[in-house]
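Observations on chain architecture
Here are the chains, one letter per residue:
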Amino acid sequence: MTDTAPSTATRRYGTRPTMKDVAARAGVGLKTVSRVVNGEPGVTPDTERRVQEAITALGFRRNDSARILRKGRTASIGLVLEDLADPFYGPLSRAVEEIARAHGALLINGSSAEDPEREQELVLALCARRVDGLVIIPAGHDHRYLAPEMAAGVATVFVDRPAGRVDADAVLSDSFGGSRDAIAHLIAHGHRRIGFVGDLPGIHTATERLRGYHAAMSDAGLPVHDAWVSLGPTDPERVRAAATAMLNAAEPVTALFAGNNRVTVTVVRVLAERPEPAAPVALVGFDDFELADLLSPGITVIAQDSAQLGRTAADLLFRRLDGAGGDPQRVVLPTRLIPRGSGELPPPATSTP
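Numbering of residues begins from 1 in every chain and follows the order in which that chain's sequence is written. Under the rules for a predicted model, residues below a pLDDT of 70 receive no local features and side-chain atom pairs below 80 are neither given nor counted, while totals for whole chains, interfaces and linings still include all residues. No hydrogens and no water enter the side-chain calculation; it runs on all heavy atoms of the structure.

By the naming in an unreviewed UniProt entry, the protein goes by LacI family transcriptional regulator and is assigned to Streptomyces niphimycinicus.

Following this line, the structure appears as structure tokens:
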């Protein structure tokens, strides 16, 4: 008997060796293999050695599914993100994974691509695989499809945006307060005509940031013209057109507030491409982004801690899994204004008050 694994030519992908295969190779019964695999007594050292050699040679790995399911848990959780390529979600995903790992659980994640139907399909697929819990950045506004799963014991925490039409735990950033702080900051530096370019109006964070914008303008007794507000997809073409229209109007805005990191990056490009001697335009973006501090001027941002969002959501999820009861919680984490220069530029001396 050799101790080498099957050759590539004979290996059948999609199948794995079983305890029956190990028993046949070691020349022992299934019960003996089971005892060795599970660390149970009653096996002689020589027999245990032969079983372990067979396990190594075949590449056998114990299937924990049935054993875990007998305990009622699969030691796995699902994470549904908006876009795996968005840098905002990297620290969030890593934080959830670290908390899951500390609890001996495996993280399975996927992307909804901001499509409610794809979100539902992905969430229910994870439930079909018997995940113990879910952390969801929702794309849709109606999550009643999750009610039976939650009633069956699937712990669920929504992040960044609350659930729609079901009561569930949620961990959010203070989009309203952060946006209000951004506009108040621009007003404090002399700006009166401030444009807002945001995300799709149906998204909770976009509407909350718009609400904060209006609140700050109202607090300062300033009007808001329809032409100063543009909500929609965050693709560069749409954002570029919106920002350009505000900057080229008969009474152009002197400052811009960008509703998320993708919008901010496009606005930075628009401002950089303006012909000389265009007057500087102040800019504050919601969400920090890589290299924002290295631009000239640096980009002033409202920073939210995406890693803390993930940690808080995962901690809450595992508390629920450990038996914590009570009504659904809504946790709102603070944002932070980081002044770097772009948000501190004054308006032109000739601008209308």
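Once the structure has been displayed, the description carries forward.
**A look at the sheet that holds strand E4 (residues 155-159)**
Where we set the bar: Strand pairing is defined by DSSP finding a minimum of two bridges between the two strands. Strands here mean DSSP runs of E at least two residues long; helices mean DSSP runs of H or I at least four residues long; both are numbered from the N terminus. The axes used here are C-alpha line fits, helices contributing only the stretch in contact, and every angle between their N-to-C directions lies in the interval 0 to 180 degrees.
Ordered in space as E2-E1-E3-E4-E5-E11, the 6 strands form an open sheet in which the pairing is parallel. On the outer flanks of this sheet lie strand E2 (106-111) and strand E11 (330-333), each paired with one strand and no other. On average, adjacent strands in this sheet sit at an angle of 15° to one another, irrespective of strand direction. Looking at chain direction, E4 and strand E5 (residues 169-173) are connected through 3 bridges and run parallel. Each residue of the ladder has a partner; that of Val159, found in E5, is Val171.

**Some details on the domain arrangement of the protein**
For clarity, the threshold we go by: Residue ranges for the domains originate in an automatic or database domain assignment.
Examined at the domain level, the protein breaks down into domain 1 (7-62), domain 2 (75-173 + 307-335) and domain 3 (175-304 + 337-351). Taking only C-alpha atoms, the centre of domain 1 and the centre of domain 2 are 38 Å apart.

**Remarks on the packing of helix H2 (residues 30-37) against helix H3 (residues 45-58)**
Just so we agree on the cut-off: When describing relative orientation, an angle under 35 degrees is termed roughly parallel and one over 145 degrees roughly antiparallel, while 65 to 115 degrees is termed roughly perpendicular and anything else oblique. Any two residues whose heavy atoms approach within 4.5 Å are treated as being in contact. Nonpolar residues are Ala, Val, Leu, Ile, Met, Phe, Trp, Tyr, Cys and Pro. Charged residues are Asp, Glu, Lys and Arg, and all others, Gly as well, are polar.
Look at H2 against H3: their axes get within 10 Å of each other, and the N-to-C directions meet at 85°. Classified by the interaxial angle, the pair formed by H2 and H3 is roughly perpendicular. Between H2 and H3, the contacting residues are Thr32, Val33, Val36 and Val37 on the first element and Thr47, Glu48, Val51, Gln52 and Ile55 on the second. Among the residues making up the contact of H2 with H3, the classes are represented as 5 nonpolar, 3 polar and 1 charged.

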